[in-house]
Amino acid sequence: MTARTARNAALQYPARSPIGMLAGLALCLVAFYLSCSLLSYNQADPSLIRATSNDITNIGGYTGALVADLALQILGMASALLIIVPGIWGIKMLRGQEVGYMWLRVTLLMACLVCPSAVFALFEPPISWPIASGMGGSIGHVLPDSMGRAFKNPFFVSAILFSDIVMLMIAI
C-alpha cells in the first residue's frame with residue numbers, strides 16, 4: 001500500500017529538474033530586466049532611432065535603453081505582456097511545474113501582442129507620453145488604420161479583447 005501511495009505522489013508532484021529550475025530562473029531574470037528597462041525608459045537615451053551623446057539613464061544600460069525603446073516604439077503599452085507572461089512561465093518552472101508546448105505558448109504570445117497594441121492605439125495618449133507612435137506603438141496603428149471601420153464597432157473590439165484573453169490564458 002505504501003509503494004502505491006509513493007508512486008502516486010511521485011506522479012502528482014514531479015521531481016524538480018535542476019535544468020528546468022535554471023531555465024525558470026533565467027526567464028524570471030529576463031522578465032525583471034525587461035521591467036526595469038521599460039520602467040526606467042527615457043526618450044533622451046541613445047537608441048537605434050535617436051543618436052545622441054547624452055549619458056544613458058536607463059537602469060538596464062545601453063542594451064536596456066535599446067530594448068525599451070524598440071518595445072515601446074513597436075508594441076506600445078502591450079510590451080507589458082513581454083514581462084508578465086514569461087515571468088509567469090519562469091515562476092511555474094521554478095516551482096517544478098511543467099510548461100509544455102513552449103512553441104505553442106510563444107506563438108500565442110506573439111499573436112496576443114498584436115491585439116492589445118491595436119486596442120491601445122484607439123486611446124489618445126496623454127501629453128506626457130514620450131512615444132510619438134502613441135500608446136499602441138507602430139503595430140497598433142496598422143490595424144486600426146487598415147480596418148478603421150471595424151475598429152469603430154465596440155462589439156468588434158470586445159470580440160478581439162475576448163479572443164486575446166482566451167489566447168493569453170492558453171499561453172500562460
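### Some details on the nonpolar core
- The biggest cluster of nonpolar side chains holds 11 residues, and these are Leu 75, Ala 78, Leu 81, Val 85, Trp 89, Met 93, Val 99, Leu 109, Cys 112, Leu 113 and Leu 168.
- Every element with two or more residues in this core is listed here: α4 (81–94) and α5 (102–121).
- Ranked by residue count, the leading element in this core is α4, at 4 residues.
- The contacts of Leu 168, once residues within four sequence positions are left out, are Leu 81, Val 85 and Cys 112.

### A few points about α5
- Under the 1.5 Å per step criterion, the end-to-end length of α5 is 29 Å for 20 residues, consistent within 8% with the ideal 28 Å.
- Listed as buried for α5 are Arg 105, Leu 108, Leu 109, Cys 112, Leu 113, Cys 115, Pro 116, Ser 117, Ala 118, Val 119 and Ala 121.

### Quick word on unusual backbone geometry
- A positive phi angle, close to 50°, is found at Tyr 101, a residue other than glycine.
- On the basis of relative accessibility, which here comes to 62%, the residue Tyr 101 falls in the exposed class.

### Overview of the packing of α5 against helix α8 (residues 154–171)
- Look at α5 against α8: their axes get within 9 Å of each other, and the N-to-C directions meet at 150°. For the element pair α5 / α8, the angle class is roughly antiparallel. You can see that α5 and α8 cross each other, and the crossing is left-handed. Packed against α5, whose contacting residues are Arg 105, Leu 108, Leu 109, Ala 111, Cys 112, Cys 115, Pro 116 and Val 119, the element α8 presents Val 157, Ile 160, Leu 161, Asp 164, Met 167, Leu 168, Ile 170 and Ala 171 at the interface.
- Taken together, the residues that form the contact of α5 with α8 break down as 14 nonpolar, no polar and 2 charged.

### Some words on the confidence of the model for the protein chain
- Considering every residue of the protein chain, the mean pLDDT works out to 82; 91% of them sit at 70 or more.
- No element of the protein chain has a lower mean pLDDT than helix α1 (residues 2–12), at 53, and none a higher one than helix α2 (residues 18–39), at 92.

Parameters at a glance
Residues numbered from 1 in each chain as written. Predicted model: local features only at pLDDT ≥ 70, side-chain atom pairs only at ≥ 80, totals over all residues. Heavy atoms only, no water. Core = buried A, V, L, I, M, F, W, Y, C linked by side-chain atoms within 4.5 Å. Buried < 20%, exposed > 50% of the residue type's maximum accessible area, 1.4 Å probe, protein only. Helix = DSSP H or I, 4+ residues; strand = E, 2+ residues; numbered from the N terminus. Contact = heavy atoms within 4.5 Å. Expected span 1.5 Å × (residues − 1). Axes fitted to C-alpha atoms, helices over the stretch in contact; angles between N-to-C directions. Parallel < 35°, antiparallel > 145°, perpendicular 65-115°, else oblique. Left-handed = near helix turned anticlockwise from the far one by under 90°. Nonpolar A, V, L, I, M, F, W, Y, C, P; charged D, E, K, R; others polar. pLDDT = per-residue confidence, 0-100.

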